[in-house]
Amino acid sequence: MWRVAAVRTLRGGGAGAPRAASGAAAAQLRRRLESELEDIRGAGTWKSERVIASRQGPHLRLAGGGAGIINFCANNYLGLSSHPEVIRAAVEALEKFGAGLSSVRFICGTQSIHKDLEEKIARFHQREDAILYASCFDANAGIFEALLTPEDAVLSDELNHASIIDGIRLCKANKYRYKHMDMQDLEAKLKEAQKHRLRLVATDGAFSMDGDIAPLREICQLAQKYDALVFIDECHATGFLGPSGRGTDELLGVMDKVTIINSTLGKALGGAAGGYTTGPKLLIDLLRQRSRPYLFSNSLPPAVVGCASKALDLLMESNAIAQSMAAKTQRFRSKMAAAGFTISGKDHPICPVMLGDARLASVMAEDMLNRGIYVIGFSYPVVPKGKARIRVQISAVHSDEDIDCCVEAFTEVGRKHGAVL
Ligand code: PLP
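This report concerns the structure included in the present document. If you're wondering where the values come from, they're calculated on a predicted model, not measured in any experiment. (Residues numbered from 1 in each chain as written. Predicted model: local features only at pLDDT ≥ 70, side-chain atom pairs only at ≥ 80, totals over all residues. Heavy atoms only, no water.)

### Topic: the sheet that holds strand 10 (residues 350-356)
Turning to step 1, where the next piece is worked out: Here we have three strands laid out as an open sheet, ordered 10-13-12, and antiparallel in their pairing. Strands at the two margins of the open sheet, each flanked by one partner only, are strand 10 and strand 12 (376-378). Pairs of neighbouring strands in the sheet enclose a mean axial angle of 30°, with direction left out of account.
Turning to step 2, where the next piece is worked out: Pairing geometry for strand 12 and strand 13 (residues 388-393), over three bridges, is antiparallel. If you follow Gly377 over to strand 13, its bridge partner there is Ile390.
Turning to step 3, where the next piece is worked out: Contacting strand 10 and strand 13, helix 14 (residues 320-338) runs over the sheet at an angle of about 20° to strand 10.
Turning to step 4, where the next piece is worked out: Contacts from helix 15 (residues 358-370) reach strand 10, strand 12 and strand 13, with the element oriented near 35° to strand 13. (Pairing = 2+ DSSP bridges. Helix = DSSP H or I, 4+ residues; strand = E, 2+ residues; numbered from the N terminus. Axes fitted to C-alpha atoms, helices over the stretch in contact; angles between N-to-C directions. Contact = heavy atoms within 4.5 Å.)

### Considerations on the side chain of Thr411
Turning to step 1, where the next piece is worked out: Note that Thr411 resides in helix 16 (residues 400-416).
Turning to step 2, where the next piece is worked out: Here Thr411 is in contact with Ala339, Phe341 and Val420, once residues within four sequence places are set aside.

### Observations regarding the pairing of strand 5 (residues 174-178)
Turning to step 1, where the next piece is worked out: Across five bridges, strand 4 (residues 153-157) lies against strand 5 in parallel orientation. When the bridges of strand 5 are listed, Leu155 appears paired with Tyr176.
Turning to step 2, where the next piece is worked out: Between the parallel pair strand 4 and strand 5, the chain is carried across by helix 7 (residues 162-170), and the sense of this crossover is right-handed. (Right-handed = clockwise from strand over helix to strand, strands pointing away.)

### Digging into the packing of aromatic side chains
Turning to step 1, where the next piece is worked out: Across all of its chains, the model carries five aromatic pairs by this definition.
Turning to step 2, where the next piece is worked out: Both rings, one in Phe341 and one in Phe410, keep their centres 5.7 Å apart while their planes meet at 70°; by these two values the pair is edge-to-face. Pair noted here: Phe341 is in the loop between helix 14 and strand 10 and Phe410 is in helix 16, with a separation of 69 residues, a long-range link. Note on accessibility: Phe341 and Phe410 belong to one class, buried.
Turning to step 3, where the next piece is worked out: Cluster of aromatic residues (ring-pair linked, three or more members): Phe332, Phe341 and Phe410. (Phe/Tyr/Trp six-rings, centres within 6.5 Å; stacked < 30°, edge-to-face > 60°. Buried < 20%, exposed > 50% of the residue type's maximum accessible area, 1.4 Å probe, protein only.)

Pasting the structure below:
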């Protein structure tokens, strides 16, 4: 049978060839898709993907040429994505526990390594328990619907990540959106929400477009005053913010005031994939019973579990990697400011170089790549109109020389395009 299929494929038009669907509905769909894609191109918001032909790291090779590119646009904050011990742990887990579980957790998809990793995550965040998901997108999609009913309320920062917005859309609670990091507006919305049974304030710990950090102390004070719970998404904080890298709650001294943390294993913690919720044991018990992305999606593959588990071991042994990233962030931010650029946010390895004009951000990013520096320009609708930028992300594995090369290239390209003098 396999031979027949192979021969058919070789002759063309066989099993391997793409088949175009026929019929009026398929033709109508085709016209609609073509028109929608044309609109995206016309709006200048088409996202094309550069193909990397090497491991993730500070230096990349791009498919079709481009070797020795210095990479400044991954969330590989601690440089663990290609750390030899992380890779070894993945290989060992793959060999011992196999490629995957072919099952969801509650049927036959829980291995000892899943339980160990959940225990390690809870210990890392100093919480009672944790639950794994295939991604933090899933963790955010699953929590609000499982926890909140029409009797409850959720209050969400207007610039929260898309996955929080989608998760909130899925739940039947009363929804309040407060202005970005605006505590007066949050207080007004909390007052309005007093009529509901339970209030949950939901915010990103660190916001990925601006590199700014939620005012968690003030949020927790308001939550206490108006009897609310606090939820934070720590995707851009876990592993490196705070004295021992626990995150925004540690940085701002409110670890005992934040009730629920969602975060990812796909950024600083090895960068493979996966997400989690950590918090009170009873909440985690409920999520295991009710959370749909957990109940109806495959278990995390063992190699992925191995990566994250080793990344957490490395972080719990020492915070030297996080400190090295902080020093490099400081170097980049201060040198860029001295060169005349405006960098949004404060002390965060997300360093948005603010340019304003969308075309300027796009041509400058292209010119930076021509000089061997991989950065990405962001413009509307990803960021507000008139606030286009190039987002630079610093990693612990950048050398001082890498950082200096990047600043030099920005200065040259910025002068060429009139962005700095
Ligand atoms: N939350 C925030 C703030 C993010 O930046 C991201 C990823 O970009 C996610 C959630 C989703 O994380 P994951 O890639 O694990 O699905």
